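Examining the three-dimensional arrangement
Below, each chain spelled out in residue letters.
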There are 2 protein chains.
Amino acid sequence: MILEIAQITVKSGMEELFEAGVTQAVPLFRRAKGCVSMELTRSIEIPSRYRLLVGWETLENHTIDFRNSEDFQSWRGLVSHCFDGAPQVEHARQNLKGF
Amino acid sequence: MILEIAQITVKSGMEELFEAGVTQAVPLFRRAKGCVSMELTRSIEIPSRYRLLVGWETLENHTIDFRNSEDFQSWRGLVSHCFDGAPQVEHARQNLKGF
């Protein structure tokens, strides 16, 4: 399993709009090939900073299948006007599941 | 639930030692007050970058209870010699659980 960690800074005053956009986008991720989980977290120290955490079966399910899909365009259409700069996207593997 | 996100850069060549230290530290987190989960991820794009993701019932369970405990000293004793610079620690709340 691959964890996509997308760090997204949202423009001041657009937090509610952004959160509503992510909620609307849930079905896009749910039907994306290889997408196994999706959650949104919000930083306590820097409240304009969100992290979208998306689980994928393979790296390519995100970087090729999803990014080249129409649903990716729909996803960006729902939220990108709220972005303050480009999201910082990284992928990670689970190394240890303690508990 | 609060998610602690500790981004840790590990010195080159010390990755295995660091991972072994985190494995040894699992019982310290398991018995920490309010600690509900713990996992370690490793970045694909930047393999020296790990993220320790720890779930806490409250922010203070981490910032006060754990950080002032002897187990925190033990935890740091197990892994801090592998750190390349200070960890970047942040806390987040789950905003939306899509699926």
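This one's a predicted model, so the numbers in the text were calculated from it and none came from an experiment. (Residues numbered from 1 in each chain as written. Chains lettered and ligands numbered in written order. Predicted model: local features only at pLDDT ≥ 70, side-chain atom pairs only at ≥ 80, totals over all residues.)

Let us now look at the relation of the copies chain B and chain A. Between chain B and chain A, the superposition needs a rotation of 180 degrees and an axial shift of 0.0 Å, giving an RMSD of 0.0 Å. Taken together, the rotation and translation relating the two chain copies correspond to the operation of a two-fold axis. Counting the interface residues of chain B, we find that 100% of their copies in chain A are interface residues as well, pointing to one common contact surface. (Least-squares fit on C-alpha atoms with pLDDT ≥ 70 in both. Contact = placed C-beta atoms within 7 Å.)

Moving on: the interface of chain B and chain A. Taken together, the contact pairs 29 residues of chain B with 29 residues of chain A. For the side of chain B that touches chain A, the secondary-structure elements that each account for two or more residues are α1 (15-30), β2 (35-43), β3 (49-56) and β4 (88-97) of chain B. Sorting elements by how many residues they give to the side of chain B that touches chain A places β4(B) first, with eight residues. Looking at the side of chain B that touches chain A residue by residue, the class counts come to 12 nonpolar, eight polar and nine charged. Two elements, strand β4 (residues 88-97) of chain A and β2(B), share five bridges in a ladder whose sense is antiparallel. From the neighbouring strand, Q94(A) faces β2(B), where its bridge partner is T41(B). (Helix = DSSP H or I, 4+ residues; strand = E, 2+ residues; numbered from the N terminus. Nonpolar A, V, L, I, M, F, W, Y, C, P; charged D, E, K, R; others polar. Pairing = 2+ DSSP bridges.)

Moving on, we get to the sheet that holds β4(A). Read around the closed barrel, eight strands run β1(A)-β3(A)-β2(A)-β4(B)-β1(B)-β3(B)-β2(B)-β4(A), paired in antiparallel fashion. Neighbouring strand axes in the sheet, compared pairwise and without regard to direction, differ in orientation by 35 degrees on average. Across seven bridges, the pairing between β2(B) and β3(B) is antiparallel. Across the sheet, L40(B) pairs through a bridge with L52(B), a residue of β3(B). Relative to the sheet, helix α1 (residues 15-30) of chain A contacts β2 (35-43) and β3 (49-56) of chain A together with β4 of chain B, its axis offset from that of β2(A) by approximately 165 degrees. (Axes fitted to C-alpha atoms, helices over the stretch in contact; angles between N-to-C directions.)

Fine structural detail should not be taken from predicted coordinates in areas where pLDDT scores are low. Considering every residue of chain A, the mean pLDDT works out to 98; 100% of them sit at 70 or more. Under the prediction, the complex receives an ipTM of 0.92, its pTM being 0.94. (pLDDT = per-residue confidence, 0-100.)

Another point: the pairing of β4(A). Pairing of strand β1 (residues 2-9) of chain A with β4(A), which is carried by six bridges, proceeds in the antiparallel orientation. Its bridge partner lying in β4(A), I2(A) is registered against R93(A).

What follows is about the packing of α1(A) against helix α3 (residues 70-79) of chain A. All names here are of chain A. Running from amino to carboxyl end, α1 crosses α3 at an angle of 165 degrees, the nearest separation of the two axes being 8 Å. Judged by the inter-axis angle, α1 sits roughly antiparallel to α3. At the point where α1 passes α3, the crossing takes the right-handed sense. Residues F18, G21, V22, Q24, A25 and L28 of α1 touch α3, and the partners they reach there are D71, S74, W75, L78 and V79. Considered class by class, the residues forming the contact of α1 with α3 number seven nonpolar, three polar and one charged. (Parallel < 35°, antiparallel > 145°, perpendicular 65-115°, else oblique. Left-handed = near helix turned anticlockwise from the far one by under 90°.)

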